[in-house]
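Listed below, chain by chain, are the residues.
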Amino acid sequence: LAYLAPAVAKSLSQGERTVIATHTVALQEQLWHKDLPQAVKDLPLAAALVKGRGRYLCLLKAQEVVQESAVLGESRERRWALALLLSYIEATAAGDAEEFALKNDTGRSLWREVMADSHSCAGSRCPYAGPCFMRQARHQAEASHLVIVNHALLATHVARGSVLPPFSHLIVDEAHHFAEVLEQSLGFELDFEEWQRRYRDAIHTRHGLFDRVMAGSDLAGDVQAVRQAYRDVLALLERVQEGLAALTAPGEYDRRAVRVTEDVRDLLAERGVRELWDTVVRVLSELIDRTDALWD
């Protein structure tokens, strides 16, 4: 209420939009259902609750799932989940994941099949563009003085822009969590152990992918070049990992995670790790080009 009251007053007096970001969806719900009504009361203030794509039902994907499901061939749990989904579609006004009653493994699995996502979204060309729940939430935000989001959606807006409508003021509740959320949205993760596993699956094992590609083909030279590129990247990544681990203070339990601040970046440059990373990027690009050439 301490920040809601001035946000409401500012919006009413000057018509300026304020975005409020909470850490979790649960806190977002609490703010929307409990705190905001107390602050607004009967005042003529337009407000909107906006969540990430995955929190909304995609009507097109739901139609495809229902049409493609052979009901008699489905398990009892799956049939029950589909029945609940149909009832939910008829009853919901927001298409919000929180309203979908089935929270067990079957329900969560079904929701992943029907939730909105950027990869499969047809945008304005979708036959359900009009009643689309996600688009309706965004339109409501554009017509509101107060927009409530979570940290993840705000971080997505910072990274990509145009996710939220223009706003004059921003309130970040539980801001001490926001840095970590920003790291996940703006950064990237390269897992050395995962790279090793992929290396073993593709090359190092007796029956790896490239052994099968080479069998009875004239691609031996190209495959060997790709193999060598894989080895080069693996060796370079190992050296990068060692350089990063060396920067972790002695005695820390986990020597694998290093926050790359400005000071750490300078140290990386002094120890040649940055040059190593530039080499990793170059060799990875060559690896991608060589692998593409194999499939062509």
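Quick note: structure is the one above.
Just so you know, these numbers come straight off a predicted model, no measurement behind them.

Caption draft 1: Just the overall build of the protein chain, in detail. The number of helices and strands found in the protein chain is 13 helices and 4 strands. Only carbon and sulfur atoms are counted for the fraction: they give 52% of the accessible area of the protein chain, which is about 17800 Å².

Caption draft 2: How the structure looks around the packing of aromatic side chains. Under the definition given, this model contains 3 aromatic pairs. The interplanar angle of 75° and the centroid separation of 6.1 Å between the aromatic rings of Y88 and W111 together place this pair among those described as edge-to-face. You can see Y88 sitting in helix α4 (residues 76-91) and its partner W111 sitting in helix α5 (residues 105-114), a full 23 residues away along the chain. We classify W111 as buried; its relative accessible area is 9%.

Caption draft 3: Focus on helix α3 (residues 59-68). Residues of α3 that are buried: L59, L60, K61, A62 and V65. Of the surrounding secondary structure, the elements contacted by the buried residues of α3 are α4, α5 and α6 (133-142).

Caption draft 4: Spotlight on the layout of surface pockets. Each pocket or cavity is described by its volume, and for the second largest pocket that value is around 360 Å³. Contributing to the lining of the second largest pocket are 13 residues, with G52, R53, G54, L153 and T156 lying nearest its centre. Looking at the lining of the second largest pocket, the element that brings in the most residues is helix α7 (residues 151-160), giving 4 residues. Here the lining of the second largest pocket is built from residues that sort into 4 nonpolar, 5 polar and 4 charged.

Caption draft 5: View of the nonpolar core. Formed by 33 residues in total, the largest nonpolar core has its most connected members in V50, L57 and V149. Counting residues per element, the ones that place at least two in this core are β1 (18-22), α3, α4, α5, α6, β3 (146-150), α7 and α8 (178-186). Look past the residues within four positions of V50 in its chain and what remains in contact with it is Q28, Y56, A137, R138, A141, V147, I148, V149, N150 and L153. Core analysis: the second largest hydrophobic core is formed by 17 residues, F192, Y230, V273 and L276 among them.

Caption draft 6: Region of interest: empty space enclosed by the protein. This model, assessed by the stated rule, comprises 1 cavity of 30 Å³ or more. Reported here for the largest cavity is a volume of approximately 160 Å³. The wall of the largest cavity is formed by 18 residues, among which C58, C121, A122, C126 and C132 lie closest to the centre. Of all elements in the fold, only α3 and α6 reach the threshold of two or more residues within the lining of the largest cavity. Counting residues per element, the lining of the largest cavity draws most heavily on α3, at 3 residues.

Caption draft 7: Spotlight on helix α2 (residues 25-40). With 16 residues, α2 extends 21 Å between its outermost C-alpha atoms, agreeing within 8% with the 22 Å of an ideal straight helix rising 1.5 Å per residue. Bending of α2 peaks at approximately 40° at the position of L31. Looking only at α2, the buried set comprises V25, Q28, E29, L31, D35, L36, A39 and V40. Turning to α2, the residues buried within the fold contact α1 (4-14), β1, β2 (47-49) and β3.

Caption draft 8: Seen up close, the pattern of salt bridges. Taken as a whole and assessed by the stated rule, the structure comprises 6 salt bridges. Close ionic contact of K61 with D117 constitutes a salt bridge, the shortest N to O distance being 2.5 Å. Of this pair, K61 sits in helix α3 while D117 sits in the loop between α5 and α6, and the two are 56 residues apart along the sequence. The exposure class of K61 is buried, given its relative accessible area of 13%. On the basis of relative accessibility, which here comes to 21%, the residue D117 falls in the partly exposed class.

What counts and how
- Residues numbered from 1 in each chain as written.
- Predicted model: local features only at pLDDT ≥ 70, side-chain atom pairs only at ≥ 80, totals over all residues.
- Heavy atoms only, no water.
- Helix = DSSP H or I, 4+ residues; strand = E, 2+ residues; numbered from the N terminus.
- Areas by Shrake-Rupley, 256 points an atom, 1.4 Å probe, with all protein chains shown as cover.
- Phe/Tyr/Trp six-rings, centres within 6.5 Å; stacked < 30°, edge-to-face > 60°.
- Buried < 20%, exposed > 50% of the residue type's maximum accessible area, 1.4 Å probe, protein only.
- Contact = heavy atoms within 4.5 Å.
- 1 Å grid on protein atoms, 1.4 Å probe; cavity = no way out; pocket = protein on both sides within 12 Å on 5 of 7 lines; lining within 4 Å.
- Points joined across faces, edges and corners; volume = space filled by probe spheres on them.
- Nonpolar A, V, L, I, M, F, W, Y, C, P; charged D, E, K, R; others polar.
- Core = buried A, V, L, I, M, F, W, Y, C linked by side-chain atoms within 4.5 Å.
- Expected span 1.5 Å × (residues − 1).
- Bend = angle between axes of the 7 residues up to and from the residue.
- Salt bridge = Lys/Arg side-chain N within 4 Å of Asp/Glu carboxyl O.

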